[in-house]
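Given next are the chains, with one letter for each unit.
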Amino acid sequence: MSVTFTSRNKMKPKTAEAMSQLLCEIRKALPLDRSDILLCRRVCIGCPKKLIQYLRREVEDWEWALAQGDQPSLGDISSLAKTSRKIYKALEKNGLVAS
Ligand code: SF4
């Protein structure tokens, strides 16, 4: 998963737009709604079920906050991007996302 915030445009996106883009990228790259991950049928490295549940909650909380007009900080965006990359790598090790 590659998450970047640099734009070729001269203007930097507002933080809410950047967070919204990040949430879309996370939803595209990570199987947040795949029910088979929550069935515990695998030999696991880490716990994909708990990681996905955690990330889904984070994404849904931010989607709700943005809908309320909240402005995330750059730290919020950076933190969520970092967490998402770590979770993606964990899912990759479990064969749940493409390498
Ligand atoms: S480690 Fe997590 S995902 Fe794997 S079987 Fe246990 S509870 Fe399920």
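Nothing here was measured: the structure is a model prediction, and the numbers come from that model.

1. Describing the environment of Asp 70
Mapped onto the elements of the fold, Asp 70 is located in the loop between α2 (48-67) and α3 (74-93). In this structure, the C-alpha to C-alpha distance between Asp 70 and Ala 16, residues 54 residues apart in sequence, is 7.4 Å.

2. Considerations on the confidence of the model for the protein
Of all residues in the protein, 86% have pLDDT values of 70 or greater, and the mean over the chain is 86. Low pLDDT, under 50, characterises residues 3-10; the stretch is placed with nine contacts to residues that sit more than four places away or in other chains.

3. Observations regarding the pattern of salt bridges
Inspection of every chain in the model, using the stated rule, returns three salt bridges. Between Glu 63 and Arg 27 there is a salt bridge, with its nearest N and O atoms 2.7 Å apart. Of the two residues, Glu 63 sits in helix α2 while Arg 27 sits in helix α1 (residues 15-29), which places them 36 residues apart along the sequence. One connected set of salt bridges, linked through shared partners, spans Arg 27, Asp 33, Arg 56 and Glu 63.

4. Looking at the nonpolar core
In terms of nonpolar packing, the biggest core is built from 21 residues, with Ile 26, Leu 30, Leu 55 and Leu 80 touching the most fellow members. Secondary-structure elements contributing two or more residues to this core are α1, α2 and α3. Element by element, the count of residues in this core is highest for α3, at six residues. Contacts of Leu 80, omitting those with residues within four sequence positions, involve Met 19, Leu 22, Leu 23, Ile 26, Leu 55, Glu 58 and Trp 62.

5. Considering the environment of Ile 26
Note on placement: Ile 26 falls in helix α1. Each C-alpha atom of the pair Ile 26 and Leu 55 lies 9.1 Å from the other, and the pair is 29 residues apart in sequence. If we skip the residues at most four places from it in the chain, Ile 26 touches Leu 32, Leu 55, Val 59, Leu 80 and Ser 84.

6. Concerning the site of the ligand
All residues in the neighbourhood of the ligand are listed as Cys 40, Cys 44, Gly 46, Cys 47, Pro 48 and Lys 49. Residues that form the shell around the ligand fall into these classes: four nonpolar, one polar and one charged.

7. Description of the side chain of Thr 15
By the element assignment, Thr 15 lies in helix α1. Among the polar contacts made by the side chain of Thr 15, one reaches the side chain of Gln 71 at a distance of 2.8 Å. For Thr 15, the residues in contact, after removing those within four places along its chain, are Gln 71, Pro 72, Leu 74 and Ile 77.

8. Observations concerning the environment of Thr 83
Mapped onto the elements of the fold, Thr 83 is located in helix α3. The spatial distance from the C-alpha of Thr 83 to the C-alpha of Leu 55 is 8.1 Å, given a sequence separation of 28 residues.

About the criteria used
Residues numbered from 1 in each chain as written. Predicted model: local features only at pLDDT ≥ 70, side-chain atom pairs only at ≥ 80, totals over all residues. Heavy atoms only, no water. Helix = DSSP H or I, 4+ residues; strand = E, 2+ residues; numbered from the N terminus. pLDDT = per-residue confidence, 0-100. Contact = heavy atoms within 4.5 Å. Salt bridge = Lys/Arg side-chain N within 4 Å of Asp/Glu carboxyl O. Core = buried A, V, L, I, M, F, W, Y, C linked by side-chain atoms within 4.5 Å. Buried < 20%, exposed > 50% of the residue type's maximum accessible area, 1.4 Å probe, protein only. Near = heavy atom within 4 Å. Nonpolar A, V, L, I, M, F, W, Y, C, P; charged D, E, K, R; others polar. Polar contact = N/O pair within 3.5 Å; in protein donor to acceptor, adjacent residues only side chain to side chain.

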